[in-house]
Every structure is written in C-alpha cells, then in structure tokens.
Amino acid sequence: MGNVMVVAILTPDEAMKELDRDLEKTCEIMGLLYHNYGIELSDEEFDKVFDIINR
C-alpha cells in the first residue's frame, strides 16, 4: 500500500476556526481529567495534548 498525501487550501478564517475547535477539545479533555480524576497538567503537558489533537 502506498503513501497518501492530502492537500487542502484553507483561508485564514477557516484555519482560525479549526484551531479554535482544537483548543476547545483540548480544554474539554483537560477539564475532564481535572474534574474526574483530580489531574492537573502543566502548560507543557497542555501543549503536548494540543499538538496531538491539532495533527
């Protein structure tokens, strides 16, 4: 099976909306971790989670 590359052209407005959605997802995950398990992550750990979601 060969590699597949997907190319999309986003306007700046679309890109910002996509980043906002990713940031919202990250904040939801962080909130769940804190409220359900008492786990609070550092800024560095937050950045790592955001990077994973933003891929």
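Fair warning: this is a prediction, and the values are worked out from it, not measured in the lab.

Asks: When you look at the overall build of the protein in this model, what are you seeing that I'm missing?
Replies: Within the protein, the regular secondary structure consists of two helices and zero strands. What you see for the protein is a C-alpha radius of gyration of 15 Å, clearly larger than the 10 Å of a compact globule of 55 residues, by over 25%. Principal-axis analysis of the C-alpha atoms gives the protein an extent of 40 × 35 × 20 Å. Buried residues in the protein amount to 9% of all 55 residues. For the protein, the accessible surface area stands at approximately 5,100 Å², while carbon and sulfur atoms represent 57% of it. Here the protein contributes 5 positive and 13 negative side-chain charges, whose respective centroids are spaced 6 Å apart.

Asks: So what exactly am I meant to see when it comes to the side chain of Thr 26 here?
Replies: By secondary structure assignment, the location of Thr 26 is in helix H1 (residues 12-37). Look at Thr 26 and you get buried, because its relative accessible area is 0%. Here the side chain of Thr 26 touches Asp 22 through a polar contact of 2.8 Å, landing on its backbone oxygen. Aside from chain neighbours lying at most four places away, what touches Thr 26 is Phe 46, Val 49, Phe 50 and Ile 53.

Asks: Honestly, the environment of Val 4 in this entry has me stumped. Any pointers?
Replies: By the element assignment, Val 4 lies in the segment before H1. A relative accessible area of 75% means that Val 4 is categorised as exposed.

Asks: Got a minute to help me understand the pattern of salt bridges in this structure?
Replies: Note that side chains of opposite charge can pair when their charged atoms are close. Within this structure, the stated rule accounts for two salt bridges. Glu 44 serves as the salt-bridge partner of Lys 48, at 3.7 Å between the closest nitrogen and oxygen. Of this pair, Lys 48 and Glu 44 both sit in helix H2 (residues 43-53), four residues apart, which is roughly one turn of that helix. Judged by its relative accessible area of 49%, Lys 48 falls in the partly exposed class. Judged by relative accessible area, Glu 44 falls into the exposed class, the value being 54%.

Cut-offs applied
- Residues numbered from 1 in each chain as written.
- Predicted model: local features only at pLDDT ≥ 70, side-chain atom pairs only at ≥ 80, totals over all residues.
- Heavy atoms only, no water.
- Helix = DSSP H or I, 4+ residues; strand = E, 2+ residues; numbered from the N terminus.
- Rg over C-alpha atoms; globule rule 2.2 N^0.38 Å.
- Buried < 20%, exposed > 50% of the residue type's maximum accessible area, 1.4 Å probe, protein only.
- Areas by Shrake-Rupley, 256 points an atom, 1.4 Å probe, with all protein chains shown as cover.
- Lys, Arg positive; Asp, Glu negative; His and termini not counted.
- Charge placed at Lys NZ, Arg CZ, Asp CG, Glu CD.
- Polar contact = N/O pair within 3.5 Å; in protein donor to acceptor, adjacent residues only side chain to side chain.
- Contact = heavy atoms within 4.5 Å.
- Salt bridge = Lys/Arg side-chain N within 4 Å of Asp/Glu carboxyl O.

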